[in-house]
Amino acid sequence: MRMTRDRIGFFKSMAREYGDVSSVLIGGQQVVMLTHPDDIRDVLVTHGRLFTKGRALERAKQLVGEGILTSEGALHLRQRRLVQPAFHRARIAAYAEQMAELSGQLSDGWRDGGELDANAEMMRLTLNIVAATLFSATVDDEAKEIASALDDAFDAFSFGYGPLTALLDRIPTPSRRRFREGRARLDATIYRIIRDRRASPEDRGDFLSMLLTATDTEGDGQGMSDEQLRDEAITIFLAGHETTANLLTWSWLLLARHPHVESSLHAELDAVLDGGRLPTLDDLPRLPYTRNVLAEVMRFYPPAYMIGRRSTAEYQVRDYTFEPRTVFLLPQVIVHRDRRWWPNPDTFDPDRWRTPDESRPKFAYFPFGAGTRVCVGEQFAWMEGTLALATLARRWRVHVPGPDPGLDPIITLRPKDGLPARLERRKRS
């Protein structure tokens with residue numbers, strides 16, 4: 001089977017042809033895709049110690065360094081101990097007001113009948129949220145520059161499984177030059193923030209304050225160097241806005257295509273946010289349908305669409321035995337629509353989340369991963385997505401007049417060429 005430009009289509013065809021355990025050589029590397037929840041559980045949890053990160057995230061070190069996303073072994077455990085307290089529930093609760101306020105500022109700047117790229121708007125919003133809540137920084141003036149830098153950096157990963165990847169990484173192609181320039185611009189922003197905070201180290205209640213003062217009390221008793229701070233900061237800076245921006249973008253598309261779902265969402269927002277006020281932290285338990293919309297969007301278009309792992313030892317899956325250093329792919333983008341676990345899998349239905357389906361295997365849905373490498377920012381993402389969607393949808397409908405965008409699966413699942421949209425101010429009854 002030959003790899004095509006349609007990466008997701010290629011892996012879907014593998015699953016259709018070969019079932020839950022499919023194997024293919026890509027650039028001389030054996031790649032095994034697992035689509036049964038039990039096998040996925042075993043790789044991520046039961047036998048997680050036998051795996052390291054996959055090839056794509058190994059290459060991502062060129063951008064994010066040895067941050068919590070890419071580090072391995074003892075370093076990963078140390079960094080996770082230092083990072084995790086910043087995402088404790090009580091800590092992230094303090095971010096709710098800023099999330100709603102920044103979303104409200106974006107809403108105030110929209111105009112009835114205005115045309116925009118919804119994906120670019122969501123990228124700008126979540127970039128400002130992650131800068132404000134995690135770094136107490138304002139980057140709105142730099143948002144376009146940072147977004148351009150991210151695009152250039154991500155483009156360098158589009159050929160991650162090609163047989164000549166290692167060689168191409170060393171050749172000064174235009175793509176590689178853009179990557180290096182993009183990384184340099186990102187570094188300039190992050191190191192500037194770190195430098196300013198070193199000079200004024202008071203606790204501002206944000207993520208960076210936690211990292212600056214954190215010490216590894218269970219290990220060497222030391223804190224982070226500037227380089228380690230850079231790696232963790234840029235990891236959160238990128239992951240904290242890229243995935244949520246895509247989640248919100250796909251939400252607008254699916255709401256535009258399903259008016260009955262949009263109406264139910266608006267009904268909940270009108271009942272809870274009386275008078276159209278901004279949502280608060282206390283409103284989150286009263287917005288179950290809003291959260292269910294996001295859960296269903298992540299089933300349809302999971303921003304983290306595929307997890308990769310590399311085996312460190314011989315590994316057996318059912319009757320198959322695979323050599324060490326085999327790459328295993330665990331594709332949310334396929335499993336989340338498997339009709340064995342999901343009735344009417346191609347129907348967008350937030351009501352399916354109203355009550356848990358006890359018959360469904362746990363790992364039929366894993367948008368944030370699992371095991372020791374489960375996304376440390378999961379609760380932050382849920383809160384950010386719910387507050388942002390509620391804030392914007394309370395006043396606006398977003399129409400998508402053109403066809404559905406194609407998929408652009410690089411590191412996250414982006415819409416190809418953005419999401420051109422038209423705004424309509426809601427008329428509340």
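One can find the structure itself at the top, above this paragraph.
Rules behind the numbers
Residues numbered from 1 in each chain as written. Predicted model: local features only at pLDDT ≥ 70, side-chain atom pairs only at ≥ 80, totals over all residues. Heavy atoms only, no water. Salt bridge = Lys/Arg side-chain N within 4 Å of Asp/Glu carboxyl O. Buried < 20%, exposed > 50% of the residue type's maximum accessible area, 1.4 Å probe, protein only. Phe/Tyr/Trp six-rings, centres within 6.5 Å; stacked < 30°, edge-to-face > 60°. Helix = DSSP H or I, 4+ residues; strand = E, 2+ residues; numbered from the N terminus. Lys NZ or Arg CZ within 6 Å of the ring centre and 35° of its normal. Core = buried A, V, L, I, M, F, W, Y, C linked by side-chain atoms within 4.5 Å. Contact = heavy atoms within 4.5 Å. Axes fitted to C-alpha atoms, helices over the stretch in contact; angles between N-to-C directions. Left-handed = near helix turned anticlockwise from the far one by under 90°. Nonpolar A, V, L, I, M, F, W, Y, C, P; charged D, E, K, R; others polar. Pairing = 2+ DSSP bridges.

**Q** Report on the pattern of salt bridges, specifying residues and quantitative values.
**A** Oppositely charged side chains are able to pair whenever their charged atoms sit close together. In this structure the tally under the stated criterion is 25 salt bridges. Salt-bridge contacts for Asp-206 lead to Arg-197; the nearest nitrogen and oxygen are separated by 2.9 Å. A salt bridge links Arg-337 to Asp-346; the nearest nitrogen and oxygen atoms lie 3.4 Å apart. Taking the relative accessible area as the measure of exposure, Arg-337 reaches 25% and is therefore partly exposed. For Asp-346, a relative accessible area of 53% translates into the label exposed. Through salt bridges that share partners, Asp-20, Asp-39, Arg-318, Asp-338 and Arg-340 make up one connected network.

**Q** An account of the packing of aromatic side chains is needed here, citing residue identities and associated values.
**A** Going through the model one piece at a time under the given rule, you end up with 15 aromatic pairs. Ring plane angle 80° and centroid distance 5.6 Å describe the contact between Tyr-315 and Phe-328, whose orientation is recorded as edge-to-face. Within this pair, whereas Tyr-315 is found in strand E6 (residues 315–317), its partner Phe-328 is found in strand E8 (residues 327–330), the two being separated by 13 residues in sequence. Overall, Tyr-315 belongs to the buried group, its relative accessible area being 6%. Every member of this aromatic cluster is reached through a ring pair, and the members are Phe-51, Tyr-315, Tyr-320, Phe-322 and Phe-328. Above the plane of the ring of Phe-300 lies Arg-337, whose end atom (NZ or CZ) is 4.0 Å from the centre.

**Q** Account for unusual backbone geometry, naming residues and giving values.
**A** Backbone geometry at Arg-325 places phi at a positive 70°, although glycine is not the residue there. Looking at the element boundaries, Arg-325 is found in the loop between strand E7 (320–322) and E8.

**Q** Please give an account of the nonpolar core that cites residues and values.
**A** Judged by nonpolar contacts, the single largest core of 105 residues is most densely connected at Phe-87, Trp-110, Phe-135, Phe-207 and Trp-252. Among the elements that make up this core, the one with the highest residue count is helix H12 (residues 226–257) (14 residues). Filtering out sequence-adjacent residues up to four positions away, Phe-207 remains in contact with Val-83, Ala-86, Phe-87, Tyr-95, Thr-133, Leu-134, Phe-135, Glu-232 and Ile-236. Ranked by size, the runner-up nonpolar core spans 17 residues in total, among them Val-21, Leu-44, Phe-366 and Ala-370.

**Q** Summarise the environment of Thr-52; cite the residues concerned and give the values.
**A** Of note, Thr-52 is situated in strand E3 (residues 51–53). Expressed as a C-alpha distance, the spacing of Thr-52 and Arg-325, which sit 273 residues apart in the sequence, is 9.1 Å.

**Q** Could you give an account of helix H4 (residues 73–83), with specific residues and numbers?
**A** For H4, the set of buried residues is His-76, Arg-78, Gln-79, Arg-80, Leu-82 and Val-83. Buried residues belonging to H4 abut helix H11 (207–213) and H12.

**Q** Could you give an account of the packing of helix H7 (residues 118–135) against H12, with specific residues and numbers?
**A** Between H7 and H12, whose axes approach to 8 Å, the crossing angle comes to 140°. Where H7 crosses over H12, the two elements pack in a sense that is right-handed. Residues Ala-118, Asn-119, Met-122, Met-123, Thr-126, Leu-127, Val-130, Ala-131, Leu-134 and Phe-135 of H7 lie in contact with H12, whose contacting residues are Ala-233, Ile-236, Phe-237, Gly-240, His-241, Glu-242, Thr-244, Ala-245, Asn-246, Leu-248, Thr-249 and Trp-252. The residue inventory of the contact of H7 with H12, partitioned by class, reads 14 nonpolar, seven polar and one charged.

**Q** Requested: an account of the side chain of Asp-39, with residues and values cited.
**A** With respect to the element layout, Asp-39 can be found in helix H2 (residues 37–46). Take Asp-39: its relative accessible area is 9%, and that puts it in the buried class. Ignoring anything within four residues of it in the chain, the contact list for Asp-39 reads Val-21, Leu-34, Val-317 and Arg-318.

**Q** Explain the pairing of strand E5 (residues 307–311) residue by residue, including any values.
**A** Counting buried positions over the five residues of E5 gives five, a clear majority of the element. Neither face of E5 is open: one carries Ile-307, Arg-309 and Ser-311, the other Gly-308 and Arg-310, and all of them are buried. Pairing between E3 and E5: three bridges, direction antiparallel. Within E5, the position partnered with Thr-52 by the bridge is Arg-310. As judged from the four bridges shared by E5 and E8, these two strands associate in the antiparallel manner. Its bridge partner being in E8, Arg-310 is matched across the sheet by Val-327.

Taken by themselves, the reported measurements are silent on function.
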